[in-house]
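Architecture at a glance
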Amino acid sequence: MALTDWLAYMGFGRGRRGEEGLMTSKLSGPAFARDAPAKVNQPHEPELDPPFEVVEPARLACPLVFSSPHSGNVYPRRFLEATRLDEAVLRRSEDAFVDALFGGVAALGAPLIKARFPRAYLDLNREPYELDPRMFEGRLPAFANTRSLRVAGGLGTIARVAGHAQEIYTRRVPVEEAIERIEKLYKPYHACLRGLVEQARQKFGIAVLVDCHSMPSGSLRAGQPSWAGFVEMPQKPDFVVGDRYGTSCATDFVDAVEYELRRRGYDVQRNKPYAGGFITEHYGNPANDCHAMQIEVSRALYMDERAVRRGERFADVAADLAKVACVLADAVAARRDRHRAAAE
């Protein structure tokens with residue numbers, strides 16, 4: 001089944017042509033049972049209709065798929081009423097503007113899926129049920145993962161803390177509310193992401209998922225609000241490319257990305273301090289022709305971290321990332337050509 005047919009079947013609505021000839025599909029929020037999607041008419045929150053968007057190229061021209069799970073900035077009113085933190089503090093956990101930073105990939109012929117809800121509300125880069133029993137009212141499902149390191153740190157599928165480890169909620173969250181977020185936001189996003197990856201694999205014989213994130217530069221004063229100023233602290237590199245220590249992606253694809261970034265003057269590290277989260281680990285299966293890597297961009301490169309607004313270098317970094325995507329697409333095509341030649 002073609003992706004457009006699948007979207008229509010799932011009730012996601014029809015795409016529309018953007019000003020630059022791109023196809024933008026605005027997707028509403030169906031829930032699906034534990035593993036399989038099922039149609040649901042009502043959105044989780046009116047502000048989150050649709051909960052995510054897919055920007056598709058006019059023509060699918062390469063096997064790359066881009067995901068921006070943490071760039072959402074639509075905070076539902078009920079959520080803001082239930083939190084003890086103001087929106088400025090909550091926004092520190094956003095990968096702000098990352099969807100726009102990687103937006104040039106559509107012109108290359110690759111789709112990009114982006115969440116509209118923030119990671120402080122629900123984190124798509126976690127297992128579906130990484131939940132902290134201390135923060136919920138009621139009994140969690142028996143299959144919930146309550147003991148992961150991420151849960152212990154307050155950063156499960158539904159986070160307990162944001163900013164500098166500040167508690168988000170004024171009171172316990174009803175378990176039913178948590179399950180509804182997972183059913184109507186998390187599962188539809190991942191169902192669509194799987195569809196995009198499988199579409200690429202079916203058409204090209206290979207799929208490469210690039211999970212797009214940003215990281216704090218490390219220069220904000222720990223424990224202080226964002227307007228409190230800066231101190232000298234060890235700086236993170238400009239980029240961290242993660243492949244789960246070589247298990248989620250072919251090494252030559254990661255090499256190509258690192259080489260092009262360095263050629264453009266950036267400081268790049270691999271896997272440290274970010275090797276890739278749930279998405280990279282879950283979707284990366286090179287033996288099945290599905291590769292996944294995570295790219296973390298230092299926020300100091302492209303934005304004002306205190307004011308949470310685009311910086312002077314935003315357009316330059318976005319243009320460089322579009323060129324990096326081209327180089328990656330060429331590396332994937334070269335690998336396919338080598339494999340075809342070997343098979344003849």
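In this report, we go over the structure that sits alongside the text.

Some remarks on the overall build of the protein
For the protein, the helix and strand inventory stands at 11 helices and 17 strands. Taken over 344 residues, the protein has a buried fraction of 54%. The long-range fraction of contacts in the protein, counting pairs at least 24 apart against all pairs at least 6 apart in sequence, stands at 76%. Working note: accessible area of the protein is about 15600 Å², and carbon and sulfur atoms make up 49% of it.

Considering empty space enclosed by the protein
Under the definition given, this model contains 1 cavity of 30 Å³ or more. Taken as a whole, the largest cavity spans an internal volume of roughly 40 Å³. Lining of the largest cavity is provided by Phe 66, Phe 102, Val 210, Ile 295, Leu 321, Val 324, Ala 325 and Leu 328. With 4 residues, the top contributor of residues to the lining of the largest cavity is helix α11 (residues 314-343). Of the residues in the lining of the largest cavity, the class split is 8 nonpolar, no polar and no charged.

Quick notes on the layout of surface pockets
Size it by volume and the largest pocket reaches roughly 1000 Å³. Every residue lining the largest pocket is counted, 43 residues in all, and those nearest its centre are Arg 119, Leu 155, Pro 216, Tyr 274 and Arg 299. Among the elements of the structure, β9 (161-162), β12 (207-215) and β15 (290-298) are those that each provide at least two residues to the lining of the largest pocket. Top contributing element to the lining of the largest pocket by residue count: β12, with 3 residues.

Some details on the side chain of Glu 94
Inspection of the secondary structure assignment puts Glu 94 in the loop between α3 (87-90) and α4 (98-101). In terms of polar contacts, Glu 94 uses its side chain to reach the side chain of Tyr 75, at 2.8 Å. With near-sequence residues (within four places) excluded, Glu 94 lies in contact with His 70, Gly 72, Asn 73, Tyr 75, Ser 214 and Arg 299.

Description of the environment of Leu 209
Examined against the element boundaries, Leu 209 turns out to sit in strand β12. For the pair Leu 209 and Leu 112, spaced 97 residues apart in sequence, the C-alpha separation works out to 9.9 Å. Excluding anything up to four places from it in sequence, Leu 209 contacts Val 65, Ser 67, Leu 193, Val 197, Ile 279, Tyr 283, His 291, Ala 292 and Met 293.

Some points on the environment of Ala 100
Inspection of the secondary structure assignment puts Ala 100 in helix α4. In this structure Ala 100 comes out as partly exposed when scored by relative accessible area, which is 29%. In the structure, Ala 100 is positioned 14 residues away from Lys 114 in sequence and 9.6 Å away in space, judged by C-alpha atoms. Ala 100 has contacts with Arg 310 and Phe 314, leaving out every residue within four places of it along the chain.

Considering the pattern of salt bridges
One pass over the full model with this rule turns up 28 salt bridges. Note that Arg 201 and Glu 198 form a salt bridge whose closest N and O atoms lie 3.1 Å from each other. Taken together, the positions of Arg 201 and Glu 198, both in helix α7 (residues 175-204) and 3 residues apart, correspond to about one turn of that helix. By relative accessible area, Glu 198 is classed as partly exposed at 29%. With a shortest N-O distance of 3.7 Å, Asp 304 and Arg 309 are connected by a salt bridge. On the basis of relative accessible area, Asp 304 is assigned to the partly exposed category, the value being 23%. In the salt-bridge network here, residues are joined through shared partners; they are Glu 45, Arg 78, Glu 177 and Arg 181.

Rules used in this analysis
- Residues numbered from 1 in each chain as written.
- Predicted model: local features only at pLDDT ≥ 70, side-chain atom pairs only at ≥ 80, totals over all residues.
- Heavy atoms only, no water.
- Helix = DSSP H or I, 4+ residues; strand = E, 2+ residues; numbered from the N terminus.
- Buried < 20%, exposed > 50% of the residue type's maximum accessible area, 1.4 Å probe, protein only.
- Contact = heavy atoms within 4.5 Å.
- Areas by Shrake-Rupley, 256 points an atom, 1.4 Å probe, with all protein chains shown as cover.
- 1 Å grid on protein atoms, 1.4 Å probe; cavity = no way out; pocket = protein on both sides within 12 Å on 5 of 7 lines; lining within 4 Å.
- Points joined across faces, edges and corners; volume = space filled by probe spheres on them.
- Nonpolar A, V, L, I, M, F, W, Y, C, P; charged D, E, K, R; others polar.
- Polar contact = N/O pair within 3.5 Å; in protein donor to acceptor, adjacent residues only side chain to side chain.
- Salt bridge = Lys/Arg side-chain N within 4 Å of Asp/Glu carboxyl O.

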